Amino acid sequence: MGGTQFKCPFCDKGFSVERQLTGHEYIYTGEKPFTYKVCEKGFSGKGHLNTHVRTHTGKEPFKCKFCEKSISEKGVCTRHERTHIGEKSFKCKFCEKMFSEKGNLTGHERTHTGKTPFVCNFCEKRFSEKRGLTKYERIHTSEKPFTCKVCMKGFSPKNDLTMHERIHTGVNPFKCTFCDKMFSRKRGLTGHECTHTG
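Residues numbered from 1 in each chain as written. Predicted model: local features only at pLDDT ≥ 70, side-chain atom pairs only at ≥ 80, totals over all residues. Heavy atoms only, no water.

**Q** Sorry if this is basic, but what is going on with helix 2 (residues 46–57) here?
**A** Given 3.6 residues per turn, any residue in an α-helix points the same way as the ones three and four places further on. End to end, helix 2 covers 17 Å across twelve residues, agreeing with the expected 16 Å (1.5 Å per residue, within 8%). All of the buried residues in helix 2 are L49, T51 and H52. The arc enclosing the buried residues of helix 2, seen along the axis, measures out at 165°, which places them on a common side. In this structure, the buried residues of helix 2 make contact with strand 3 (34–36) and strand 4 (41–43). Phi turns positive, to about 80°, at G58, one or two residues after helix 2. (Helix = DSSP H or I, 4+ residues; strand = E, 2+ residues; numbered from the N terminus. Expected span 1.5 Å × (residues − 1). Buried < 20%, exposed > 50% of the residue type's maximum accessible area, 1.4 Å probe, protein only. Arc of directions from axis to C-beta. Contact = heavy atoms within 4.5 Å.)

As structure tokens, this is what we get:
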């Protein structure tokens, strides 16, 4: 038999080992056999569980080789590093759009095909990408998995945490192109620049 004798019935992805197929199918079935005892949160894979544990411990063992940013997941670190070099090696087969990650390409191609394999466990709303489903389900659960290390306030989307942490750090990464004023949020900068342009 070839290298992909075990096929996923949901997306036709092939696997050489049946155990890999079983783990992959959890994405679609919603099964979460790996549980973190501290918060009782369940995960479809052991790697996802280990990554989640780092949100409790604050460990960020992976460092960007370009900017020294610390990151909790190896894959996220690799993707972050691609933003520095602008690498986009995955091309959509339906249009000319290019992506730096295969997962983003797959999700994008579903906008062409209309496939929505990810279903909300609470209301059956469908999504083309797992991350869209994960974010959406937090509306139902009120889960806030991203915690500020300074004041312990919880946030649902990670970018809300990033913006909140700027209150503590005083970091203002958005600089006006007309004057030296700096802003913590892009929309603050955009509003300010209108005062220059009218």
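**Q** Any chance you could explain the state of the cysteines here in plain terms?
**A** Two cysteines joined by a covalent bond between their sulfur atoms form a disulfide. All told, the structure shown has zero disulfides when counted by the stated rule. Counting only cysteine sulfurs, C67 is the nearest neighbor of C64, a cysteine outside any disulfide, at a range of 3.7 Å. In this structure C77 is a free cysteine whose sulfur lies 5.9 Å from that of C64, the closest cysteine sulfur available. C77 sits in the buried class, given a relative accessible area of 5%. (Disulfide = S-S within 2.5 Å.)

**Q** So what exactly am I meant to see when it comes to a positive patch on the surface here?
**A** On the surface, a cluster of positive charge is made up of K13, K93, K102 and K115. Looking at where K13 falls in the secondary structure, it is placed in the loop between strand 1 (6–7) and strand 2 (14–15). (Patch = residues over 30% accessible without salt bridge, like charges linked within 9 Å, V, L, I, M, F, W, Y side chains within 5 Å. Areas by Shrake-Rupley, 256 points an atom, 1.4 Å probe, with all protein chains shown as cover. Salt bridge = Lys/Arg side-chain N within 4 Å of Asp/Glu carboxyl O. Lys, Arg positive; Asp, Glu negative; His and termini not counted. Charge placed at Lys NZ, Arg CZ, Asp CG, Glu CD.)

**Q** Before we go on, may I ask you to explain the pattern of salt bridges in this structure?
**A** Two side chains carrying opposite charge are able to pair once their charged atoms lie near each other. Inspection of the entire model under this criterion finds eight salt bridges. With its nearest N and O atoms 3.7 Å apart, the salt bridge here joins E60 to K149. Of this pair, E60 sits in the loop between helix 2 and strand 5 (62–63) while K149 sits in the loop between strand 11 (146–147) and strand 12 (154–155), placing them 89 residues apart in sequence. Looking at K149, the relative accessible area reads 54%, which means it is exposed. The closest approach of N and O atoms between R131 and E129, which form a salt bridge, is 3.2 Å. Here E129 falls in the partly exposed class, since its relative accessible area comes to 23%. When salt bridges that share partners are traced, they join K41, R138 and E143 into one network.

**Q** Would you take a moment to explain unusual backbone geometry for this structure?
**A** The phi torsion of most residues other than glycine is negative, and most of the peptide bonds are trans. With phi around 60°, S142 is a residue other than glycine that occupies positive phi space. By the element assignment, S142 lies in the loop between helix 5 (130–141) and strand 11. Although it is not a glycine, M152 adopts a positive phi angle of roughly 65°. Within the secondary structure, M152 is located in the loop between strand 11 and strand 12. Residue M152 is classed as exposed on the basis of its relative accessible area of 58%.

**Q** Is there a simple way to think about the environment of I71 in this case?
**A** Here I71 shows up in strand 6 (residues 70–71). Its relative accessible area of 7% is what places I71 among the buried residues. For the pair I71 and E60, spaced eleven residues apart in sequence, the C-alpha to C-alpha distance is 4.7 Å. What I71 contacts, discounting residues up to four positions off in sequence, is E60, P61, F62, V76, C77 and H80.

**Q** So what exactly am I meant to see when it comes to the nonpolar core here?
**A** Generally speaking, a soluble globular protein has its nonpolar side chains buried in company with each other. Ranked by size, the top nonpolar core spans nine residues in total: C8, F15, L21, Y28, F118, C120, F127, L133 and Y136. Listed by contribution, the elements that provide at least two residues to this core are helix 1 (18–29) and helix 5. (Core = buried A, V, L, I, M, F, W, Y, C linked by side-chain atoms within 4.5 Å.)

**Q** When you look at the packing of aromatic side chains in this model, what are you seeing that I'm missing?
**A** Here a ring pair, both rings aromatic, is described through the centre-centre distance and the interplanar angle of the planes. Applying the stated rule across the entire model yields three aromatic pairs. Ring geometry for F10 against Y28: centres 5.0 Å apart, planes inclined by 15°, an arrangement best described as stacked. Linking F10 in the loop between strand 1 and strand 2 with Y28 in helix 1, this pair joins segments that are 18 residues apart in sequence. For Y28, a relative accessible area of 15% gives the class buried. Considering the side-chain rings of Y28 and F118, the 5.3 Å spacing of their centres and the 10° angle between planes classify their relative orientation as stacked. Linking Y28 in helix 1 with F118 in strand 9 (residues 118–119), this pair joins segments that are 90 residues apart in sequence. Relative accessible area serves as the criterion here: at 5%, F118 is assigned to the buried category. Each residue in the set F10, Y28 and F118 is aromatic and connected to the rest through ring pairs, giving one cluster. (Phe/Tyr/Trp six-rings, centres within 6.5 Å; stacked < 30°, edge-to-face > 60°.)

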